[in-house]
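# A look at the structure
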Amino acid sequence: LYRRIQFEKAIDSDADRKRVADSVDLTKFPLPEDYAGPRMPKRTKMVPKPVELDGAQPENKDAGEEKEVEMVEVEEEYVDLPFVQGLADWFRDQKNLPVRYMYAILLQIEKLLRPLPTMVDITVPEGSVITVCGDVHGQYYDVLNIFKLNGFPSETLLYLFNGDFVDRGSFSVEVIMLFFSLKLLYPNAFFLNRGNHESIDMNQLYGFEGEVRHKYPAQGKRMFDLFQETFEALPVAHLIQEKVFVVHGGLYSRETAKNANQPDGDGVVRLDELRELSRFYQPSHNKLLCESLWSDPQAANGRAPNPRGTAIQYGPDVTKEFCDVNNLKMVIRSHQQMDEGYEIAHDGKMVTVFSAPNYCDQGTNKGAYIRITPELETTYHKFTAVPHPNVKAMAYANVNRFM
């Protein structure tokens, strides 16, 4: 099916594209008077006073003279632990967040994510543990079950969710808004990688756009566009304790490496190439971004075309070379359903973790998550699906769009 999808170049990011985030005025979206859900607390902060263009000519200043910036006090809403805990329960009861809070959280998370490097380094503090989860695909009730089994995120219980938060499952809005709220609450303890489903074409096909428009009909188009802008700001990879590389899809073709065309080039992508990657695009924009989100491992050595129709498949020799050159212990990726929730391959250096049990309500696969200590002791935990409300997977999908 993917081979039929032509990436829509016209909607790819451009440097001069007007940002949706700049067009949202929260003052136009007051909370409904009958809203009985969790409330974001408020705080004041100082910001530069907006320039008022009333037709008056600015005063002439001597060359080199800096004009003092006038600051004003404003009030803003923010995320705290009681709000996030209340939000988790509110969503569990199938209730929507008001438009004001949707936009407030999206604007704040986009602002938080945008300055991050494309590959983020994670240091796990002593006495802490990090849990790595794979695809959850809108299965909100299974996400809550992960937190029940493994513990709710905190400053000492770190989490990294490795992409594909949305689509297919019909509670994608709930998943992504809980994740964004947790990222705002714990910016240095809750981490999110972009997956191939954090993209326009996948969301238009597999349900996220339909879900946003269904749950927020009056603001659906602009809200969906703001989600896309935020997805483009997500990091593409994380590096745990300088030794564990975590990316959604997998590894790279030789020609993707910067040194591929050099006489002595080995064709191996270096981690700094990911750190320096400009990621604010749709996945088709460049090979390094696309392969990070779409590649898959294979049992045979070497590289081969990917049956998905994009990126590559790569063997144990490719994984070993990548780990050796970059001084890594292992690679953790997701992107593929696993019957037991995870798979250890390529002589222990390539691990796939998938955290959506009973995927799309059509199977008996388990989900899994991985716990990693500061000393890189690694344990694997499997779990089964829990019941969810009677809204089937793919309820908002538009499977005929590209056919």
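The shown structure was predicted, so the numbers you read here are calculated from the model rather than taken from an experiment.

This part is about the overall build of the protein. When helices and strands are counted, the protein shows ten helices and 16 strands. For a compact globule of 403 residues, the expected C-alpha radius of gyration is about 22 Å, and the protein comes in at 22 Å, within 12% of that figure. Taken over the C-alpha atoms alone, the protein extends approximately 70 × 60 × 50 Å along its principal axes. When contacts within the protein are restricted to residue pairs at least 6 apart in sequence, those whose partners lie at least 24 apart make up 74%.

We now examine the packing of helix H1 (residues 81-92) against helix H3 (residues 140-150). As a packed pair, H1 and H3 sit with axes 10 Å apart at the nearest point and diverge in direction by 140°. Considering their axes alone, H1 and H3 lie oblique with respect to each other. For the pair H1 and H3, the crossing hand works out as left-handed. Here Leu-87, Ala-88, Phe-91 and Arg-92 of H1 come into contact with H3, specifically with Tyr-140, Tyr-141 and Leu-144. Considering only residue class, the contact of H1 with H3 consists of six nonpolar, no polar and one charged.

Attention shifts here to the pairing of strand E14 (residues 350-353). Neither face of E14 is exposed, since Met-350 and Thr-352 on one face and Val-351 and Val-353 on the opposite face are all buried. Note that strand E12 (residues 330-333) and E14 share three bridges and pair parallel. Each residue of the ladder has a partner; that of Val-331, found in E14, is Met-350. By the bridge criterion, four bridges tie strand E13 (residues 342-345) to E14 in an arrangement that is antiparallel. In the strand pairing of E14, Ala-345 is matched with Met-350. Connecting E13 to the antiparallel partner E14 that follows it, the hairpin turn spans four residues, and His-346 within it adopts a positive phi of roughly 50°.

Now for unusual backbone geometry. The residue Asp-167 is not glycine, and still its phi comes out positive at about 80°. Within the secondary structure, Asp-167 sits in the loop between strand E5 (157-161) and helix H4 (172-185). Here Asp-167 falls in the buried class, since its relative accessible area comes to 0%. Its identity is not glycine, yet His-335 carries a phi of approximately 80°, on the positive side. Along the polypeptide, His-335 turns up in the loop between E12 and E13.

Now for the confidence of the model for the protein. Chain-level pLDDT for the protein is 92 on average; 91% of the residues reach the 70-or-more range. Throughout residues 1-15 the model reports pLDDT below 50, and contacts reaching past four residues in sequence, or to other chains, amount to 34 contacts.

A few words now on the nonpolar core. Counting residues in each nonpolar core, the largest one holds 82 residues, and the members touching the most others are Phe-180 and Phe-227. Among the elements that make up this core, the one with the highest residue count is H4 (ten residues). With near-sequence residues (within four places) excluded, Phe-227 lies in contact with Met-102, Leu-106, Ile-176, Met-177, Phe-180, Phe-208 and Val-212. Counting 31 residues, the second largest nonpolar core, distinct from the first, contains Leu-205, Ala-237, Ile-312 and Cys-323.

The rules behind these values
Residues numbered from 1 in each chain as written. Predicted model: local features only at pLDDT ≥ 70, side-chain atom pairs only at ≥ 80, totals over all residues. Heavy atoms only, no water. Helix = DSSP H or I, 4+ residues; strand = E, 2+ residues; numbered from the N terminus. Rg over C-alpha atoms; globule rule 2.2 N^0.38 Å. Contact = heavy atoms within 4.5 Å. Axes fitted to C-alpha atoms, helices over the stretch in contact; angles between N-to-C directions. Parallel < 35°, antiparallel > 145°, perpendicular 65-115°, else oblique. Left-handed = near helix turned anticlockwise from the far one by under 90°. Nonpolar A, V, L, I, M, F, W, Y, C, P; charged D, E, K, R; others polar. Buried < 20%, exposed > 50% of the residue type's maximum accessible area, 1.4 Å probe, protein only. Pairing = 2+ DSSP bridges. pLDDT = per-residue confidence, 0-100. Core = buried A, V, L, I, M, F, W, Y, C linked by side-chain atoms within 4.5 Å.

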